[in-house]
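Geometric and topological summary
If you want the building blocks of each chain, they are given just below.
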Amino acid sequence: ERLSDVNNALANPDIRALFCARGGYGSARIVDAIDYDSLSTNPKIIVGYSDITTLLIAITKKTGLITFHGPLIGSQKVSTWSYQMMLRQLTSSEKAFIWPSPPDGFPPPQIIRSGSGSGPLVGGCLSILSTLSGTVNQPDTSGSVLFMEEVAEAPYRVDRLLSHLHHSGWFNNPSGILIGAFERCIQRDEDQEPSLSISEILQDRFSEKSFPVLSGLPIGHGRHNITIPVGIECMIEESQIIQLHSGIM
């Protein structure tokens, strides 16, 4: 039923946008049966994140269309700023910035590795990215700016996921990495063995890389979730300005 609903919407030229209400689970079950030809014929805005990462990456890879990693309209905790930025990304022809355009009081990003780089944006929820490894939907991260975020995973599990991407070649030659929120990714009482913190894991994994790596950006499951056009060219300038080369009309 869900697949039918999605494909009917994609084939309908009167429907100009699909805004996902929630993430959760299930995108991987329908991704191979999406009607990509209809979407190519009737291009439209598609916005979501978390489990929707699978669909965003597959659609951009198979059709060349820009998709949008952004707020879920069913969420009650997303800030007004997040929705304002989504509307800006979807309706403005001006160049957009992931940084510096933070909500009031939001701390600056942490520079794990300094530098500059540019390439098409690709990424999403870390655990979902891991499930794409070895599949036809695994993106080519060489020369790309990879972004990632996560929610409610213990630090040792985050370390395992990053190690899996490392061994799968995701970090071999990107132009840069942008790290968003790792919301509620803390060690729990039931975790008997101590582990590194998320910040220590990120430092250990990325501090010696040859490309820029920034963390603490307003991306993902936190209250502030900026909309990122997946597939659009992105430039990181001296670890300070993260600019999208053009807005989306």
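Okay, so let's go over this structure.

Calculation criteria
- Residues numbered from 1 in each chain as written.
- Predicted model: local features only at pLDDT ≥ 70, side-chain atom pairs only at ≥ 80, totals over all residues.
- Heavy atoms only, no water.
- Helix = DSSP H or I, 4+ residues; strand = E, 2+ residues; numbered from the N terminus.
- Rg over C-alpha atoms; globule rule 2.2 N^0.38 Å.
- Contact = heavy atoms within 4.5 Å.
- Lys, Arg positive; Asp, Glu negative; His and termini not counted.
- Charge placed at Lys NZ, Arg CZ, Asp CG, Glu CD.
- Pairing = 2+ DSSP bridges.
- Axes fitted to C-alpha atoms, helices over the stretch in contact; angles between N-to-C directions.
- Core = buried A, V, L, I, M, F, W, Y, C linked by side-chain atoms within 4.5 Å.
- Buried < 20%, exposed > 50% of the residue type's maximum accessible area, 1.4 Å probe, protein only.
- Polar contact = N/O pair within 3.5 Å; in protein donor to acceptor, adjacent residues only side chain to side chain.

So, the overall build of the chain
Looking only at helices and strands, the chain has eight helices and 12 strands in total. Against the globule reference of 18 Å for 249 residues, the chain gives a C-alpha radius of gyration of 17 Å, in line with a compact fold. Overall, the C-alpha framework of the chain stretches about 50 × 40 × 35 Å when taken along its three principal axes. For the chain, long-range pairs separated by at least 24 residues make up 78% of all intrachain contacts whose partners lie at least 6 apart in sequence. One finds the centroid of the 18 positive side-chain charges in the chain at a distance of 3 Å from the centroid of its 25 negative side-chain charges.

Structural notes on the sheet that holds strand 3 (residues 67-69)
What the four strands build is an open sheet, ordered 1-2-3-10; its pairing is mixed. Looking at which strands have only one partner, the edges of the open sheet turn out to be strand 1 (17-19) and strand 10 (228-230). Put simply, the sheet's adjacent strands are angled 20° from each other on average, direction ignored. Sheet analysis places strand 3 next to strand 10, joined by three bridges and oriented antiparallel. Residue histidine 69 lies in a different strand from strand 10, and its bridge partner there is isoleucine 228. Contacts from helix 5 (residues 80-91) reach strand 1, strand 2 (45-48), strand 3 and strand 10 within the one sheet, and its direction differs from that of strand 2 by about 155°.

Describing the nonpolar core
One finds Met148, Leu162, Phe171, Ile177, Ile179 and Phe206 to be the most contacted residues of the largest nonpolar core, which totals 24 residues. Looking at this core, the elements that each hand over two or more residues are helix 6 (126-132), strand 7 (145-151), helix 7 (155-167), strand 8 (176-183) and helix 8 (198-206). Once residues lying within four places of it in the same chain are set aside, the contact partners of methionine 148 are Gly124, Leu126, Leu129, Leu162, Phe171, Ile177, Leu178, Ile179, Gly180 and Phe182. Counting 17 residues, the second-largest nonpolar core is a separate cluster that includes Leu18, Leu55, Ile59 and Leu72.

Observations regarding the pairing of strand 6 (residues 117-125)
Where burial is concerned, most of strand 6 is hidden: seven out of the nine residues are buried. Relative to strand 7, strand 6 is paired through five bridges, and the arrangement is parallel. In the strand pairing of strand 7, valine 122 is matched with leucine 146.

What about the side chain of threonine 63?
With respect to the secondary-structure elements, threonine 63 resides in helix 4 (residues 53-63). A distance of 3.1 Å separates a polar side-chain atom of threonine 63 from the backbone nitrogen of leucine 65. Among all residues touching threonine 63, those that are not within four sequence positions of it are Tyr36 and Ser40.

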